[in-house]
Amino acid sequence: MMVKTLPPSSRTSQEDSRGGELSVIEVIAEQSTQKVIKSAEASRQPRHKARVMAGLEPETVLYDPVEIETQYNGRFLQVIRRIFTVLKPILAFILGLWSDKRWGTLVKNERRRAVQLRDLLTKLGPAYIKIGQALSTRPDLVPPIYLEELTRLQDQLPAFPNEIAYQFIEEELGAPPSEIYAELSSQPIAAASLGQVYQGRLKTGEEVAIKVQRPDLRERITIDLYILRKLAAWVQRNIKRVRSDLVGILDELGDRIFEEMDYIHEGENAERFFELYGNMKDIYVPKIYWEYTNRRVLTMEWINGIKLTQPEKIAALGVNARYLIEVGVQCSLRQLLEHGFFHADPHPGNLLATMDGKLAYLDFGMMSEVKPAQRYGLIEAIVHVVNREFDSLAKDYVKLEFLTPETDLTPIIPAFAKVFANAEGASVADLNIKSITDDLSALMYEYPFRVPPYYALIIRSLVTLEGIAIYIDPNFKVLSEAYPYVAKRLLTDPADELRTSLQELLFKDGKFRWNRLENLLKNARSNQEYDLNLVVNQGVEFLSSKRGSFIRDRLIDEFFNSVDAVSKNALHNFTYVLRERVGITAINQIPSASVEQQQTLEYIKRIAGILRETKGFDATKFAPQLAQIIVNPGVQLLGQQIATRVTQKAVTRIIRELLASE
């Protein structure tokens, strides 16, 4: 091998900066000897599309359970050998559980058995490691202690020989490594369940990371998926305690593993992530070198950085680790609730602080999607949690497909109330995601919940991020950091679902809750992307539309009551002065505004103060802004509606007072 190798000292420092273990995502593909175009161009534009059009890419290999079943139905001896290999340690584990139950030590030994299961899955190979990681996000299938232990499941395995890796590079890229890379580390700097990673340098000087897939990976994973799918179907038919669609869950896992085994798919994920989030402040996404990437080999930009779990080293660079966590939280919120395309594996090795103070994301094999209806449903659920409206929260879980429409929600509503009981007297934003998740996991295991795959990955993502945040700052509250974003979305998103959520947040029993609006505005102004002008313009558009009639009518009521309160206070003060100074005792003292009206006036004053302090408010520019607002047709229509409603209320009051005086 004529490639220049990096010295051991260089590899050691780079391995530490890279975060040690990389969650390598690999591929299921037939060997390909097609040549690729070699170019020194460093463009961030997608390159894979041009390669596909040029006929340089093989077709995508997808997970197909029917094809896999057809393939292995005729390989009886091979399947039997694998079953016996897997069955022996599994039966030993089951026998241990049976013994615990028989001798009454099930609870006592639960932690030990959970550790045994984690070790067992690691030894059984890549498919079982991935299954264990998937089970760690399934509170509807796994008891809480086992969940906790499975979250620690790592996919680090011994490296395979360099000769095989070099052979794969030549087969996939059409040339020996020595012709492609100027430097290549003499040993992999990380080895995971699906492949291993080398550090290298291109002939054009760019420092890169090279992922190479494990040999025989497709064969090893497909036979295990075939056996497990047969087992899942049997369990689903014969064990009534199992409520979830095990075959569907396994097929979902199969899809995900096959995607992870396709490095072209991972490269596409990285570019899509860059397009959606790469423009965010202090977010960095490494470049994919498409001319040196194929199904089983991926070449991407090397990131020199420090793991977020090493705050002392980050501080030595003059970088604030806590700030980078805040950046990560905001990016995660954009991923989960705005665009829906999110990084499902943000462990410490995949989040690095760069030398210039940015947060770099690595490893884009495990990604997932949240559909628009699910995104809005999650925001609605957050609103109902904040309002402690657990009956509505239970209905949200039906809409989000955790519960079937025919599920009896009667026992579930108080169970939700119990989960969030710790929030009584405190803001929900001060709660810990991990503690809430643990309580919800116990609830979902007890009641007939079915956890959708997207939600399981969201929880895994958020809990992992919170774990890193708490390591840096024990007082860090992810929910507290997240609520300003949710508040901003409620105030600015024109979607009907969120307008309904805003209405539910601001009104209760037909009464306007000024304290909710004050809190919403106070939180929203903390979000960097909050735009006061956008809120005003969209608010006017909404209030003047049919959709906004409910809020508009009640805001007019509040406006009328406020004007009434001001006028009452003015008349009260005026008559008081006359009585005191002039001594005209014949004048009856007019009562001042009621306590409720006084509270409303105080809220309005505080809200005005919040608006003055909000980014985007400029008193010197207020007059032209006001002129633009006034000429807005929506504002004029709204003004007419308000004037008509106020006139109606004033006439009604005059008639009522005249009749009362008579």
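Residues numbered from 1 in each chain as written. Predicted model: local features only at pLDDT ≥ 70, side-chain atom pairs only at ≥ 80, totals over all residues. Heavy atoms only, no water.

A. Highlighting the overall build of the protein. Helices and strands together make up the secondary structure of the protein, namely 27 helices and 13 strands. For the protein, the residues scored as buried account for 50% of the 662 residues in total. Nonlocal contacts in the protein, meaning residues at least 24 apart in sequence, comprise 74% of its contacts between residues at least 6 apart. For the protein, the accessible surface area stands at approximately 31900 Å², while carbon and sulfur atoms represent 57% of it. (Helix = DSSP H or I, 4+ residues; strand = E, 2+ residues; numbered from the N terminus. Buried < 20%, exposed > 50% of the residue type's maximum accessible area, 1.4 Å probe, protein only. Contact = heavy atoms within 4.5 Å. Areas by Shrake-Rupley, 256 points an atom, 1.4 Å probe, with all protein chains shown as cover.)

B. Local environment of the packing of aromatic side chains. The tally for this structure, following the rule as stated, stands at 11 aromatic pairs. Look at Y397 and F402: their rings are 4.8 Å apart centre to centre, the planes differ by 65 degrees, and that puts the pair in the edge-to-face class. With relative accessibility at 0%, the residue F402 sits in the buried group. Through pairs of rings, three or more aromatic residues link up here, namely Y397, F402, F416, F449 and Y455. (Phe/Tyr/Trp six-rings, centres within 6.5 Å; stacked < 30°, edge-to-face > 60°.)

C. Broad picture of the packing of helix α15 (residues 372–387) against helix α21 (residues 496–506). Interhelical geometry of α15 versus α21 gives an angle of 5 degrees and a closest axis separation of 10 Å. Looking at the two axes, α15 sits roughly parallel to α21. When α15 is examined against α21, the residues Y376, I379, E380, V383, H384 and N387 are found in contact with a partner set consisting of E497, L498, S501, E504 and L505. In terms of residue class, the contact of α15 with α21 is made up of five nonpolar, three polar and three charged. (Axes fitted to C-alpha atoms, helices over the stretch in contact; angles between N-to-C directions. Parallel < 35°, antiparallel > 145°, perpendicular 65-115°, else oblique. Nonpolar A, V, L, I, M, F, W, Y, C, P; charged D, E, K, R; others polar.)

D. Seen up close, the nonpolar core. If you look at the biggest cluster of nonpolar residues, it comprises 100 residues, and the most contacted ones within it are F273, L308, Y397, F402, F416, F449 and Y455. Take this core: its biggest share by element is 11 residues, from helix α19 (residues 453–472). In this view, F273 contacts G278, V285, C331, Q335, F341, H343, Y361, F364 and M367; residues no more than four positions away in its chain are not counted. Counting residues in hydrophobic clusters, the runner-up holds 34 residues, among them I131, I221, L253 and I257. (Core = buried A, V, L, I, M, F, W, Y, C linked by side-chain atoms within 4.5 Å.)

E. Inspection of the pairing of strand β3 (residues 195–202) at higher detail. A large share of β3 lies buried, amounting to seven of its eight residues. Relative to β3, strand β1 (residues 181–184) runs antiparallel, the two sharing three bridges. Along β3, the bridge assignment pairs Y181 with L202. Summarising the sheet, strand β2 (residues 190–191) and β3 pair through two bridges and their orientation is antiparallel. Looking across to β3, one finds that A190 is bridged to V197. The turn linking β2 back onto β3 is made up of three residues. With seven bridges connecting them, β3 and strand β4 (residues 207–213) associate as antiparallel partners. If you follow Y198 over to β4, its bridge partner there is I210. Between β3 and β4, which pair antiparallel and follow one another directly, the connecting turn spans four residues, one of which, G205, has a positive phi of 105 degrees. (Pairing = 2+ DSSP bridges.)

F. Spatial organisation of the pattern of salt bridges. Following the criterion strictly, the structure yields 22 salt bridges and no others. Of the charged contacts, one joins E266 and K211 as a salt bridge, the two residues approaching to 2.8 Å between their closest N and O atoms. In this pair, E266 is assigned in helix α12 (residues 263–277) and K211 in strand β4, connecting sequence segments 55 residues apart. Its salt-bridge partner being E252, residue R256 comes within 2.7 Å of it at the nearest N-O pair. Separated by four residues within a single helix, R256 and E252 lie in helix α11 (residues 246–260), roughly one turn from each other. For R256, a relative accessible area of 11% corresponds to the buried category. One salt-bridge network, held together by shared partners, links R111, R118, D119 and E149. (Salt bridge = Lys/Arg side-chain N within 4 Å of Asp/Glu carboxyl O.)

G. Highlighting helix α17 (residues 412–419). When α17 is considered as a whole, its buried residues turn out to be I412, A415, F416 and V419. With its buried residues spanning 100 degrees around the axis, α17 presents them on a single face. Those residues of α17 that are buried lie in contact with α16 (390–399) and α18 (433–446). (Arc of directions from axis to C-beta.)

Treat this as a map of the structure, not an account of what it does.
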